[in-house]
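Commentary on secondary and tertiary structure
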Amino acid sequence: MYAKLLRFDIGFGRPRAAEQIARETEGAMSRWPGFASMSLLADYLGGRYTLIAYWQSERDYYDFSYSADARELEGSVGKLMSGVPFIGFYQVYQSA
């Protein structure tokens, strides 16, 4: 399993904007094979958020990330964010 991590700021007092980003992101990713689940970690007071999307394989995420869906998503949610988000991609460790 793999995880895409997106840390972003939208500023204080805008929880609905963060939740909109989460809904749009999950909607776009869920249409792609290999998407497993997504979580939004919210610091509502600080206006900082972390979105974690889980993928079955590296290839599944790669296919999504270079798709028209991903470009459209980036354009729509990018307008809601302050500054440049941090994006990471990780292999998930799962204990036996």
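Everything that follows concerns the structure shown earlier in this document.
This text gives an overview of the structure that appears in the document. Fair warning: this is a prediction, and the values are worked out from it, not measured in the lab.

Calculation criteria
- Residues numbered from 1 in each chain as written.
- Predicted model: local features only at pLDDT ≥ 70, side-chain atom pairs only at ≥ 80, totals over all residues.
- Heavy atoms only, no water.
- Phe/Tyr/Trp six-rings, centres within 6.5 Å; stacked < 30°, edge-to-face > 60°.
- Buried < 20%, exposed > 50% of the residue type's maximum accessible area, 1.4 Å probe, protein only.
- Helix = DSSP H or I, 4+ residues; strand = E, 2+ residues; numbered from the N terminus.
- Polar contact = N/O pair within 3.5 Å; in protein donor to acceptor, adjacent residues only side chain to side chain.
- Salt bridge = Lys/Arg side-chain N within 4 Å of Asp/Glu carboxyl O.
- Contact = heavy atoms within 4.5 Å.

Observations concerning the packing of aromatic side chains
Taken as a whole and judged by the stated rule, the model has 9 aromatic pairs. Measuring from ring centre to ring centre gives 5.9 Å for Y44 and Y49, while their planes differ by 70°; the resulting arrangement is edge-to-face. Exposure remark for Y44: the relative accessible area of 38% places this residue in the partly exposed category. On the basis of relative accessibility, which here comes to 2%, the residue Y49 falls in the buried class. Consider the rings of W55 and F64, whose centres lie 5.6 Å apart with planes at 25°: the pair is stacked. A relative accessible area of 0% means that W55 is categorised as buried. Among the aromatic residues, those joined into a cluster by ring pairs are Y2, W32, F35, W55, Y61, F64 and F89.

Things to note about the side chain of S67
On the secondary structure map, S67 appears in the loop between helix 2 (58-65) and helix 3 (68-78). Polar contacts involving the side chain of S67 include one to the main-chain amide nitrogen of D69, which spans 3.3 Å.

Re the pattern of salt bridges
If charged atoms from side chains of opposite charge come close, those side chains can pair. Taken as a whole and judged by the stated rule, the model has 3 salt bridges. With a closest N to O distance of 2.8 Å, R48 and D43 form a salt bridge. Overall, the relative accessible area of 46% leaves R48 in the partly exposed class. With a relative accessible area of 27%, D43 lands in the partly exposed category. We note a salt bridge from D63 to R59, for which the minimum N-O separation is 2.9 Å. Of this pair, D63 and R59 both sit in helix 2, 4 residues apart, roughly one helical turn. Under the relative-accessibility criterion, D63 is labelled partly exposed at 31%. Overall, the relative accessible area of 54% leaves R59 in the exposed class.

Re the environment of W55
Looking at the element boundaries, W55 is found in strand 3 (residues 48-55). When the C-alpha positions of W55 and G13 are compared, they lie 31 Å apart, and in sequence the two are 42 residues distant. Beyond its immediate chain neighbours, meaning those up to four positions away, W55 contacts M1, Y2, M29, W32, P33, G34, F35, A36, D60, Y61 and F64.

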